[in-house]
Amino acid sequence: MHNVKRLWGVIVAMAICILVLASLLISHAINQSEPRQSPEPEQQGEDKNTQVVAKIGNREITLQELQAALAHHYGTEQLGQILDREVIRLEGNETGTTVDNAEINRELKRMQQGYESEQQFYDSMQSQLGMSQQEITDDVSNKLLLEKLATATIQITDAQVDTYISTHADEFKQETEYNVQQIIVSTKDQANKVIAELAKGVSFATLARDRSIDDATNNSGGDLGWVEGDDPFVAAPILDAAKLLKVGEISKPIQVSQGYAVVSLKNRRNKADPDLKFIRENVRRELALQQAPPLKDFVAQLRGKWKVSIVDPMFR
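Residues numbered from 1 in each chain as written. Predicted model: local features only at pLDDT ≥ 70, side-chain atom pairs only at ≥ 80, totals over all residues. Heavy atoms only, no water.

**Q** Hey, could you run me through the overall build of the protein in this one?
**A** Scanning the protein for helices and strands turns up 12 helices and 6 strands. Within the span of the protein, comprising 316 residues, buried residues form 34% of the whole. Long-range pairs, those at least 24 residues apart, make up 71% of the contacts in the protein between residues at least 6 apart in sequence. Just so you have it, the protein exposes about 19,500 Å², and 52% of that area is on carbon and sulfur atoms. (Helix = DSSP H or I, 4+ residues; strand = E, 2+ residues; numbered from the N terminus. Buried < 20%, exposed > 50% of the residue type's maximum accessible area, 1.4 Å probe, protein only. Contact = heavy atoms within 4.5 Å. Areas by Shrake-Rupley, 256 points an atom, 1.4 Å probe, with all protein chains shown as cover.)

Set out below in structure tokens:
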């Protein structure tokens, strides 16, 4: 529930990870470009510090300068991220709290809602945040473990879950899907002629192949396949008409951007039943988080418990 808001919450958390990844990726690239043969021990530190990583005119930027800049601007955030993950891991180990693969996969699936496919989700995360699939999985695992730890002492009853679901019915309503065929022609008169021929028994698929000007569907008999009632890739007038038809019925001419459409409803169905157990678990988790202290405060408590100490004053 609140999928979009929670997804952007995750994205904000991921953005922090980019700071860590930036320096790691730069260091990795530099290490890959260095000669395999190591310099003499007494020269190794000097060579690394003075290695030139970029030039602009006569100006040379060294690895030491780059690392100093990264540490100055991003070091505090990077170190904080590392420390937070470590205290969460230590607390999980001490309390025996774990996150299994099934939980991670369910959360990833929930995050992918609103994307056309799983691959589009990961491609989007890679292009927007520079995070690989494994890095996203690790981030989700850490987030779920933190939530479990923060809500460990909070009990949410079945009655509370039932109440929430019944008072937020729109969040859990079952969607209807429609199996639609369409024939697109240029004029209303042509559409009426199509309807007349259908009434004589000519097959919809044949007329779609021979008459429809929609190149995307005419070769498939005008079949759009199974679509949801708010599918953004199907013209709204066609969807509206399909919702009003009984199975097997033919619509009147419908004006669309290409001309006029004749629509047939082959079938309708409710989407596959949702995972009710997961829905209830997710609601229970949400309600528990509402009663838990802010996660930032909880992590601060873990830092105190595990005696986190930042030695270098530059990173405090």
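**Q** I keep staring at helix H10 (residues 236-244) and nothing clicks. Help me out?
**A** Residue pairs three or four apart in sequence face the same way in an α-helix, which turns once every 3.6 residues. All buried positions along H10 are accounted for by Ile238, Leu239, Ala241 and Ala242. Along H10, the residues classed as buried sweep out an arc of 160 degrees about the axis, all on the same side. Against strand E3 (176-185), strand E4 (223-228), strand E5 (254-256) and strand E6 (259-270) lie the buried residues of H10. (Arc of directions from axis to C-beta.)

**Q** Explanation requested: the side chain of Arg110 in the structure shown.
**A** Along the polypeptide, Arg110 turns up in helix H4 (residues 101-111). A polar contact is formed between the side chain of Arg110 and the side chain of Glu107, at a distance of 2.6 Å. (Polar contact = N/O pair within 3.5 Å; in protein donor to acceptor, adjacent residues only side chain to side chain.)

**Q** Whenever I open this one, the sheet that holds E5 confuses me. Can you help?
**A** Paired through their backbone hydrogen bonds, the strands of a sheet run either parallel or antiparallel. Ordered by their spatial adjacency, 4 strands build an open sheet running E4-E3-E6-E5, and the pairing between neighbours is antiparallel. Of all strands in the sheet, those bounded by a partner on one side alone are E4 and E5. Adjacent strand axes in the sheet meet at a mean angle of 45 degrees, parallel and antiparallel pairs treated alike. Contacting E3 and E6, helix H8 (residues 188-199) runs over the sheet at an angle of about 45 degrees to E6. On the sheet, H10 packs against E3, E4, E5 and E6 and is oriented at approximately 120 degrees with respect to E3. (Pairing = 2+ DSSP bridges. Axes fitted to C-alpha atoms, helices over the stretch in contact; angles between N-to-C directions.)

**Q** Sorry if this is basic, but what is going on with the environment of Ala288 here?
**A** Mapped onto the fold, Ala288 is located in helix H11 (residues 276-291). As for Ala288 and Lys148, which are separated by 140 residues in sequence, their C-alpha atoms are 9.4 Å apart. The contact partners of Ala288, leaving out residues within four places of it in the chain, are Thr151, Ile154 and Ile156.

**Q** Quick question: what am I supposed to make of the packing of aromatic side chains here?
**A** The way to describe two aromatic rings as a pair is by their centre distance and the angle between their planes. In the structure shown here, the tally under the stated rule is 1 aromatic pair. Relative to Tyr122, the ring of Phe121 lies with its centre 5.1 Å away and its plane at 65 degrees, an arrangement referred to as edge-to-face. A cation sits over an aromatic face here: Arg269 above Trp226, 3.9 Å from the ring centre. (Phe/Tyr/Trp six-rings, centres within 6.5 Å; stacked < 30°, edge-to-face > 60°. Lys NZ or Arg CZ within 6 Å of the ring centre and 35° of its normal.)

**Q** Quick question: what am I supposed to make of the pairing of strand E2 (residues 59-62) here?
**A** The pairing of strand E1 (residues 52-56) with E2 spans 4 bridges and is antiparallel. Pairing of Ile56 across the sheet is with Arg59, part of E2. Hairpin remark: E1 followed by E2, antiparallel, with 2 residues in the connecting loop; positive phi at Gly57, about 65 degrees.

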